[in-house]
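Secondary and tertiary structure notes
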Amino acid sequence: MTDKKIRVLVAKPGLDGHDRGAKVVARALRDAGMEVIYTGLRQTPEMIAEAALQEDVDVVGLSILSGAHMALAPRILDLLKQNGQDQVKVFIGGIIPDEDMPRLKEMGITGIYGPGASTDEIIRDVREAVQ
Amino acid sequence: MALERHVISSFLEMSLTKSILEGNRLALARLLTQVENDSPEGREALTELFPHTGKAHLIGVTGAPGTGKSSLVNQLALHYRKNTNKKVAIVAVDPTSPFTGGAVLGDRVRMRDLSGDQGVFIRSMASRGSLGGIARKTASVVQVFDAAGYEIIIIETVGAGQSEVDVARLAHTTVVVEAPGLGDEIQAIKAGILEIADVLVINKADRPGVENTERALRSTLELAHPTKRVFRHHGKNMAVSAPAIDSDIWIPSVIKTVATEGKGIDELVAAIANHAAHLRQSGDWAARDRARLGSEMELLLREALLDRFLNNIPQTEYAEIMEKVLNRNISPYDAVKFLLNGK
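Residue numbers restart at each chain and count upward from 1, following the sequence in its written direction. Labels are handed out in written order, letters beginning with A for the chains and numbers beginning with 1 for the ligands. Per-residue local features of the predicted model are confined to residues with pLDDT of at least 70, and side-chain atom pairs are confined, for both listing and counting, to 80 or more; whole-chain, interface and lining totals are unaffected and use all residues.

Turning to the overall build of chain B, a few remarks are in order. Secondary structure elements follow DSSP: runs of H or I no shorter than four residues count as helices, runs of E no shorter than two count as strands, and numbering proceeds from the N terminus. Looking only at helices and strands, chain B has 12 helices and 10 strands in total. Going through the 343 residues of chain B one by one, you find that 38% of them count as buried. Residue pairs qualify as contacts under a 7 Å threshold applied to their C-beta atoms, which are placed from the backbone. Counting only contacts in chain B whose residues sit at least 6 apart along the sequence, the fraction spanning at least 24 positions is 73%. Working definition of burial: number of other C-beta atoms within 10 Å of the residue's own, with buried at 20 or more, exposed at 12 or fewer, and partly exposed in between, all C-beta atoms being placed from the backbone.

Residue and element names in this part refer to chain B. Positioned with a positive phi, D38 is a non-glycine residue whose angle comes to about 55°. Here D38 lies in the loop between helix 2 (25–36) and helix 3 (40–49). You can call D38 partly exposed: it has 16 C-beta atoms within 10 Å. Backbone geometry places R328, a non-glycine residue, at a positive phi of 65°. Along the chain, R328 turns up in the loop between helix 11 (315–326) and helix 12 (332–341). R328 gets classed as exposed once you count the C-beta atoms within 10 Å, which come to 7.

It is worth spelling out the interface of chain A and chain B at this point. Between chain A and chain B, the contact holds 28 residues from the first and 27 residues from the second. The set of elements that each furnish at least two residues to the side of chain A that touches chain B consists of helix 1 (20–31), strand 2 (35–38) and helix 2 (45–54) of chain A. Top contributing element to the side of chain A that touches chain B by residue count: helix 2 of chain A, with 6 residues. Lys, Arg, Asp and Glu make up the charged group, whereas Ala, Val, Leu, Ile, Met, Phe, Trp, Tyr, Cys and Pro make up the nonpolar group; the residues left over, Gly among them, are polar. Residues belonging to the side of chain A that touches chain B are distributed by class as follows: 11 nonpolar, 7 polar and 10 charged. Paired strands, as defined in this entry, are two strands with at least two bridges between them according to DSSP. Judged from the 3 bridges that link them, strand 2 of chain A and strand 3 (residues 103–105) of chain B form a sheet pairing that is parallel. Within strand 3 of chain B, the position partnered with A:E35 by the bridge is B:A103.

To continue, consider the domain arrangement of chain B. All names here are of chain B. Those domain boundaries reflect an automatic or database domain assignment. Once the domains are mapped, chain B shows domain 1 (1–52) and domain 2 (53–284). For the side of domain 1 that touches domain 2, the elements supplying multiple residues, two or more each, are helix 2 and helix 3. Examining the composition of the side of domain 1 that touches domain 2, we find that 6 residues originate from one element, helix 2, more than from any other. Grouping the constituent residues of the side of domain 1 that touches domain 2 by class yields 8 nonpolar, 2 polar and 3 charged.

All names here are of chain A. With 6 of its 6 residues buried, strand 4 (residues 89–94) lies for the most part within the structure. Side chains K89, F91 and G93 project from strand 4 onto one buried face, and the interleaved V90, I92 and G94 project onto a second face that is buried too. When strand 3 (residues 59–64) meets strand 4, the two strands line up parallel, connected through 6 bridges. Paired with S63 across the two strands is G93, which belongs to strand 4. At this point the chain moves from strand 3, through helix 3 (residues 69–82), to the parallel strand 4, and the crossover so formed is right-handed. Note: strand 4 against strand 5 (residues 109–113), 4 bridges, orientation parallel. Paired with G93 across the two strands is Y113, which belongs to strand 5. We call a crossover right-handed when, viewed with the strands running away from us, the connection from the first strand over the helix to the second turns clockwise. You can see the chain leave strand 4, run along helix 4 (residues 101–107) and come back into strand 5, and the turn it takes is right-handed.

Moving on to helix 2 of chain B. Residue and element names in this part refer to chain B. In this model helix 2 runs 16 Å from its N-terminal to its C-terminal C-alpha over 12 residues, within 8% of the 16 Å that 1.5 Å per residue would give. Among the 12 residues in helix 2, 9 count as buried, and that is most of the element. Burial in helix 2 covers these residues: A27, L28, A29, R30, L31, L32, Q34, V35 and E36. Just downstream of helix 2 lies D38, where phi reads positive at about 55°. For a helix, the expected span equals 1.5 Å multiplied by the number of residues minus one.

Turning to the environment of B:N274, a few remarks are in order. All names here are of chain B. Mapped onto the fold, N274 is located in helix 9 (residues 265–282). Residue N274 is classed as partly exposed on the basis of its 15 C-beta neighbours within 10 Å. Between the alpha carbons of N274 and E48 there is a distance of 33 Å; along the sequence they are 226 residues apart.

The next thing to look at is the packing of helix 1 of chain A against helix 5 (residues 119–130) of chain A. Residues and elements named next belong to chain A. Between helix 1 and helix 5, the least distance of the axes is 10 Å, while the angle of their chain directions is 60°. By the angle between their axes, helix 1 is oblique relative to helix 5. Note that helix 1 runs across helix 5; the crossing there is right-handed. Counted together, V25, A28 and L29 of helix 1 and T119, I122, I123 and V126 of helix 5 form the full contact between these two elements. Of the residues in the contact of helix 1 with helix 5, the class split is 6 nonpolar, 1 polar and no charged. For helices, the axis comes from a line fit to the C-alpha atoms of the stretch in contact; other axes are also lines fit to C-alpha atoms, and the angle between any two N-to-C directions lies between 0 and 180 degrees. Roughly parallel refers to an angle under 35 degrees, roughly antiparallel to one over 145, roughly perpendicular to one between 65 and 115, and oblique to any angle outside these ranges. In this scheme the handedness of a crossing depends on how the near helix is turned from the far one: anticlockwise by less than a right angle means left-handed, clockwise means right-handed.

Written as structure tokens, this is what we have:
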């Protein structure tokens, strides 16, 4: 009898201290029946990749409000790959200017969500990505 | 086709266990998922790894929510890494929602000091419906870490109330964490979780009320464990005959800590080491091992028998009998008798 759950790491890289969004998403994913590992504030890309490895997650959700997404996202994607976790899907929530979105997607970010995104949408996308 | 798939998967599995024994962390993480999900691959790997288990010291850490279990585990792991070259694994259990099956696992938040150290592996687990403070598969996850060469394995339970005592069955040494301010509840908890403590920690010992908490805990322990008393009489110490102390009986130590500042951790580690030495000396180490493996075997046997039984009776018959019970025609006892004996 196999009991497979979607495991998601919710992490906040960088130095901004606003984690309400991350907590809202963590709670929504929990209520959607997923197992959410929450790491807290001010994580380095190395810490995030290491946690993703140890927890063998299917998805990493990054909350970035600092504007540093173009530096942080590729670094994290890179580290995941180095660790052999190419299959992990990475989502970003936060303040991401429209012009950055295509480049982030190109790098391999699966989904990007700004203010006003609905949690239902995020849950649906996460489920789809993991299928 | 089916056979082919089996051959391929068992081949992959063999290399998975081999990589784990060689220290591959990704393979380890993947197998932990398989084991947690109780997949056939996971079971097979557990079987292959089992001969390599039995070397680790399993330390359970339990206590009410908010007493500082995660911070304490963080400090313990730091201490072991600084002062020994043993690898440390942490299995941190948090509760699963009974309604949605989801969980938020937040113990890593307090363990950020440990990141960047390849000799530490932290794994969060959701309780997935188990009520004993750990998950059903925690014991198996611990076995994998044991086989992978983690000599210190710390198991942190969900925030425990009174009866979440399963960790004591799993661990060699059980640390129960208290904090000042919960003193009023001491009376309520002493019958439950305090009983399983091999080491009692009063964390947040810089808070007011710590003396009261300590006094309450010590007096509870004295009631349970008669200690040698020395009465003063006419200015002279006089030994009054107290019940003889059996050296095989372990008397829990009480340690005060401030986990966030790393205070009292040396003492705590020493108390844990003393307990381990006591277990080995008294033969209790082997006894606990026997009890743990015995209950694991029994549980597996029970599951296997139930599966086999349910597979051998027609679904419709089961449903029919269930219906009779629902209508109060027969009792659940009668239903079981009927299912087993056919009448």
